[in-house]
Amino acid sequence: MELKNYQKKAIKDLNRYLQLLNETRNYAAAFRLFWQEQSAPALGHYQDIMPGVPNLCFKVPTGGGKTFLACNAVKPIFDTLPFTKAKVVVWLVPSDAILSQTVKALKDPAHPYRQKLNADYGSSVVVYTKQELLNGQNFNPTAVTEQLSVMVLSYDSFRGRGKEALKAYQQNSALEPFSKALGKPEAPIEKADETALFQVINQLSPLVIVDESHHARSELSLEMLKNFNPCFVLDLTATPKEESNIISYVDAVQLKKENMVKLPVIVYNRDSQSEVLADAIDLRNRLEELAESRPEQARQYIRPIALFQAQPRGKEESTTFERLRDKLVEIGIPVEQIAIRTADVNELKNQDLLSRDCPIRYIITVNALKEGWDCPFAYILASLANKTSRVDVEQILGRILRLPHTAQHSQRALNLSYVLTSSNDFDKTVDQIVKGLNSAGFSDKDYRVSAPLPPKEPEPEPEQLTIPQPVPEVPADTEEFLDFDAQTVSRELERRQAEGASPVLPRSDAMLEQAEQAGQEYAAAVEQSDQDPYMQNLPWEVRDQVTTFQVKPEFQQDIETLEIPQFFQVVPPSLFSDGVYELLEKEQLADEFTLKGKAYDIDFTAADDEIAEIDVREKEGGLPKAFKMDDTAQRYFKEHFRSLPPESRIRQCKDVMFHQLNKLNMVDSVELRNYIERIVDDMDKDQLAGMEKAPLGYAAKIKDKIDFLLTQHYKDTFKRWLETERIVCKPSYKLPLNIHPTTHTNVYGGSLYQAEEGNMNKLESALVREFTALPNIKWWHRNISRQGFCINGFINHYPDFIVMTQSGRIILVEPKGEQLKNDNSREKIELGDAWRHAAGNQYRYYMVFQDGDNLLPGAVSVSQFVDTVKAL
């Protein structure tokens, strides 16, 4: 199963955060920088509810595939942590229904969730239930070090002091091997035995995935999370609490584009319960006819289901719902097509609702179909509350939103969902629907109210003698959802069926005609929102936090016709395709990279100080505790090492360094192992002793060397391909009509946009003043790093300024402080010079320093730059 585009974006967001976390060694700073890069700094305030533990949240609406997203997040998170960290996941769920679903999916080798974990961990994956863990079933210290261990647990089985939770605190002889291997716990759990399951998990410091995390924010829940002693927490929810650190937002528009949901929700308000029932049955029957008429029905079977929400006055009584079923049968629905699902009655158990053999088309429920129940065939939610009662659809509205087969259907009515109510206070009903959408992670933009249908003109009937019939009395204790006459509804459905043969548009078709028109209006609104290329991939919640500035009208024509050249790789024609140009990415330059014969002169002097250095940083706050080896791990490591002969200790260090470094995508794993062998085999006695103390520190030094070799290879390949025209420079980048800077200023004249990125140092501000003073400068623009124009070569270089002269020449400017006369600046000059010559005579590149002393080759001073630009 492939990730959807919005899911790829969520994983990309997570990877970028993890990259920033590695660079900053501070989880709060990484979060702030991440949202600054997205031009939404207001979203970057980190809520540190678990000090020492990165805690992120994916906000994904109902039907958005949160579980699959989490399966794809496991490997990137563990890859960020030291390799010596045990690969243990605690997967917390809020209910038994979700628990059984999650266990079933993760244990099934044919399920996409398990297939993803197997693909990432070479099938060395074991999924445990709580009982299996308590029994020590295939759960021991050796197994945990050699596999990905996924423990699927419910909140209540570890939260509080109930009978079920207490099992996790009790002495457990089956887990004694862990107690011996891990030693005394650093963070003992109150009233938990050292051999208790909870304490063992605590010492393994797992990655904790919290499904439906909005249920896990009470003091008791936070205490439970802290007792797990997590190395990282990933929340999954459609409705995050205020203290959530949301790293990626997904909204309805993104799900709609990927055919994940039936939106918009079409809302009908009717005059009575009888009309709601008749319309729900009629509409469901018509939807099934449309489903059967599709050519794709044979391979994409759909059987629409209607949910009847019956809210009792008091306690739920099974006999009451059975009486409702009897009345539905009296209307004419076959009894086998009706199922009851309430808190006490579950007739859906062991039913495969997606099977062609399943007869169920109607489900009577209250609020039992909440989290954990999922059937994309559910199309209609009909509230049987009477006109004066409060309509309460908030809890189960999300159950009708998932689109079958994640595909647009040829019958457009099957791409929508439907709610029917009868209410005197329809505004309050709509409020409930909006709350229901919000609870599912959607918004008030995702529903449409259908206009009432015109009343039906009665047919003239021949005069006949009529005998008044007594109106049956309704007992005072009768539930309001039973307060309808089944015979009246039955006769109305018969009348509509007869009407279907007439030239008049049947009522159900009129309802669907309105619905399809509303669906088209919704789609048009979605399309209209996608005019800004940068904003189109951002959900509404993020867009609202992003500052936008338009290009100045007098310069709009300039950027509409301007295409700034970038580098492209020439892909020669083959049997399968014509020759094409692909925008160059530096990873393409890794072609033919090898570690064979490469130098390995590495200074390991400070490698064994890595852990001490991290300890100092931790005092400044924000450092994940998982980034250092805790006392338990260090003790285990030392004791384990002492028990090994010298040759085995060296071999184990080689393995640790190999696994830590085998995340480098551009390096062949066999060559990497051989490179490590050569390095270690050439070490003296002191270096070997240092490596045994800090294998991860030594691995970091080796990584620095490989990065240096790889960068040099990128540069050499780039030069060679440019010379042989395997790389060419072609018009490509178009400046956007709108920009989204993190900070902004409009104090300087001559800018391309209404305001520009405002985060400028003294030298940059001085250059802007020069731009505004030069008569031959038409406009200037502060290029936004990671958003704007990039010179894409052996490095990705975002020059600080783009300037256009009155004659139409484009100048790229990169100002640098005196302290930055270094290798990075040399590489930028080299790339900028290559771009200038390949782009043509209309383009220039300058690296500018404040004064002319000891300039790097190819750089200029401010005065030299100004004189040159004046002459252009």
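Only a predicted model underlies this, so the values are computations on that prediction, with no experimental measurement involved.

Caption draft 1: How the structure looks around the overall build of the chain. Broken down by element type, the chain carries 28 helices and 28 strands. Here the chain holds 872 residues, and 54% of them are scored as buried. The contacts of the chain with a sequence gap of at least 6 include a subset with a gap of at least 24, amounting to 73%. Counting every atom, the chain has about 40100 Å² of accessible surface; 47% of that belongs to carbon and sulfur.

Caption draft 2: Looking closely at the packing of helix H4 (residues 96–107) against helix H5 (residues 112–120). Contact geometry for H4 and H5: axes closest at 6 Å, N-to-C directions at 50°. By the angle between their directions, the pair H4 and H5 is classed as oblique. The crossing of H4 and H5 is right-handed. Contact residues: Ala105, Leu106 and Lys107 in H4; Tyr113, Arg114 and Leu117 in H5. Looking at the contact of H4 with H5, its residues break down into 4 nonpolar, no polar and 2 charged.

Caption draft 3: How the structure looks around the pattern of salt bridges. Summed over the entire model, instances satisfying the criterion amount to 42 salt bridges. The partner of Asp156 in a salt bridge is Arg159, with the nearest N and O atoms 2.8 Å apart. Judged by its relative accessible area of 48%, Asp156 falls in the partly exposed class. Glu830 serves as the salt-bridge partner of Lys719, at 2.8 Å between the closest nitrogen and oxygen. Of this pair, Lys719 sits in helix H25 (residues 695–723) while Glu830 is found in helix H27 (residues 823–839), placing the two residues 111 residues apart along the sequence. One continuous salt-bridge network, built from bridges that share partners, spans Arg270, Glu275, Asp279, Asp282, Glu492, Arg495, Arg496 and Arg507.

Caption draft 4: Expanded view of the nonpolar core. Grouped together as the largest cluster of nonpolar side chains are 143 residues, with contacts concentrated most on Tyr17, Phe58, Trp91, Val150 and Tyr418. Of the residues forming this core, the biggest block, 9 residues, is contributed by helix H13 (residues 273–293). Look past the residues within four positions of Trp91 in its chain and what remains in contact with it is Thr67, Ala70, Cys71, Thr102, Leu106, Val150, Met151, Val152, Leu153, Ile209 and Asp211. Listed in part, the 67 residues of the second largest apolar core include Val667, Ile676, Ala839 and Tyr845.

Caption draft 5: Broad picture of the sheet that holds strand S17 (residues 580–583). Spatial ordering of the open sheet is given by S17-S16-S18, a layout of 3 strands whose pairing is antiparallel. On the outer flanks of this sheet lie S17 and strand S18 (727–733), each paired with one strand and no other. Taken over all neighbouring pairs, the strand axes of this sheet differ in orientation by 50° on average, direction set aside. Sheet analysis places strand S16 (residues 564–571) next to S17, joined by 4 bridges and oriented antiparallel. Its bridge partner being in S17, Val571 is matched across the sheet by Val580.

Caption draft 6: View of the sheet that holds strand S7 (residues 246–249). Spatially, 7 strands are ordered S3-S4-S2-S5-S6-S1-S7 in an open sheet, and the strand pairing comes out parallel. Either end of the sheet is taken by a strand with one partner, and the two such strands are strand S3 (125–128) and S7. Neighbouring strand axes in the sheet, compared pairwise and without regard to direction, differ in orientation by 15° on average. Sheet topology note: the strand S2 (residues 88–93)/strand S4 (residues 148–154) ladder contains 6 bridges and is parallel. In the sheet register, Val89 faces S4, and the bridge partner there is Val150.

Caption draft 7: The environment of Asn665, seen in detail. In this fold, Asn665 is placed in the loop between helix H22 (646–661) and helix H23 (669–681). Spatially, the C-alpha atoms of Asn665 and Glu587 are 9.2 Å apart, while their sequence positions differ by 78 residues.

Caption draft 8: Just a negative patch on the surface, in detail. Together, Glu322, Asp326, Glu330 and Asp485 line one region of the surface with negative charge. If you trace the backbone, Asp485 turns up in the loop between strand S14 (447–449) and helix H16 (486–499).

Caption draft 9: Region of interest: the packing of aromatic side chains. If you walk through the whole model with that rule in mind, you get 24 aromatic pairs. Relative to Tyr362, the ring of Phe308 lies with its centre 5.7 Å away and its plane at 5°, an arrangement referred to as stacked. Taken as a pair, Phe308 in strand S9 (residues 305–309) and Tyr362 in strand S11 (residues 362–365) lie far apart in primary sequence, 54 residues in all. Since its relative accessible area comes to 1%, Tyr362 is described here as buried.

Caption draft 10: Spatial organisation of unusual backbone geometry. Look at the link from Leu263 to Pro264: it is a cis peptide, with omega at 0°. On the secondary structure map, Pro264 appears in the loop between helix H12 (252–257) and strand S8 (265–269). Notably, Asn350 is not glycine yet its phi reads approximately 65°, a positive angle. Looking at the element boundaries, Asn350 is found in the loop between strand S10 (338–341) and S11. Judged by its relative accessible area of 78%, Asn350 falls in the exposed class.

Caption draft 11: Representation of the pairing of S10. Alternating positions in S10 separate into two faces, Ile338 and Ile340 on one and Ala339 and Arg341 on the other, with burial throughout. With 4 bridges joining them, S10 and S11 adopt parallel strand pairing. Residue pairing across strands places Ala339 opposite Ile363, the latter belonging to S11.

Caption draft 12: Examining helix H10 (residues 197–204) more closely. Summarising burial for H10: 8 of the 8 residues are buried, a large majority. Of all the positions in H10, only Leu197, Phe198, Gln199, Val200, Ile201, Asn202, Gln203 and Leu204 are classed as buried. Just downstream of H10, Ser205 is the residue with a positive phi angle, here 45°.

Caption draft 13: Spatial organisation of helix H28 (residues 862–871). Inspection of H28 places Val862, Phe865, Val866 and Val869 among the buried residues, and these make up the whole buried set. Each buried residue of H28 lies within a common arc of 95° when the element is viewed along its axis, so the set occupies one face. Buried residues along H28 sit against helix H26 (762–773), strand S22 (777–782), strand S26 (810–816), strand S27 (843–849) and strand S28 (860–861).

Caption draft 14: The arrangement of the side chain of Glu288 in detail. With respect to the helices and strands, Glu288 occurs in helix H13. On the basis of relative accessible area, Glu288 is assigned to the buried category, the value being 12%. Here Arg284 takes part through its side chain, which lies 2.6 Å from a polar atom of the side chain of Glu288. Beyond its immediate stretch of four places on either side in the chain, Glu288 contacts Arg303, Pro304 and Arg361.

Caption draft 15: Looking closely at the confidence of the model for the chain. Here the chain shows a mean pLDDT of 87. Residues at 70 or above account for 89%. Within the model, pLDDT remains below 50 along residues 461–472, and this stretch shows 0 contacts once partners closer than five positions in the same chain are excluded. Across residues 609–621, confidence stays below pLDDT 50; counting only partners more than four residues off in sequence or on other chains, it has 14 contacts.

Caption draft 16: Main features of the environment of Asn259. Inspection of the secondary structure assignment puts Asn259 in the loop between H12 and S8. Placed 156 residues apart in sequence, Asn259 and Asn415 show a C-alpha to C-alpha distance of 8.5 Å. Leave out the neighbours within four places in its chain, and Asn259 touches Leu403, Thr406, Ala407 and Gln408. Side-chain polar atoms of Asn259 contact the side chain of Gln408, separated by 3.2 Å.

What counts and what doesn't
Residues numbered from 1 in each chain as written. Predicted model: local features only at pLDDT ≥ 70, side-chain atom pairs only at ≥ 80, totals over all residues. Heavy atoms only, no water. Helix = DSSP H or I, 4+ residues; strand = E, 2+ residues; numbered from the N terminus. Buried < 20%, exposed > 50% of the residue type's maximum accessible area, 1.4 Å probe, protein only. Contact = heavy atoms within 4.5 Å. Areas by Shrake-Rupley, 256 points an atom, 1.4 Å probe, with all protein chains shown as cover. Axes fitted to C-alpha atoms, helices over the stretch in contact; angles between N-to-C directions. Parallel < 35°, antiparallel > 145°, perpendicular 65-115°, else oblique. Left-handed = near helix turned anticlockwise from the far one by under 90°. Nonpolar A, V, L, I, M, F, W, Y, C, P; charged D, E, K, R; others polar. Salt bridge = Lys/Arg side-chain N within 4 Å of Asp/Glu carboxyl O. Core = buried A, V, L, I, M, F, W, Y, C linked by side-chain atoms within 4.5 Å. Pairing = 2+ DSSP bridges. Patch = residues over 30% accessible without salt bridge, like charges linked within 9 Å, V, L, I, M, F, W, Y side chains within 5 Å. Lys, Arg positive; Asp, Glu negative; His and termini not counted. Charge placed at Lys NZ, Arg CZ, Asp CG, Glu CD. Phe/Tyr/Trp six-rings, centres within 6.5 Å; stacked < 30°, edge-to-face > 60°. Arc of directions from axis to C-beta. Polar contact = N/O pair within 3.5 Å; in protein donor to acceptor, adjacent residues only side chain to side chain. pLDDT = per-residue confidence, 0-100.

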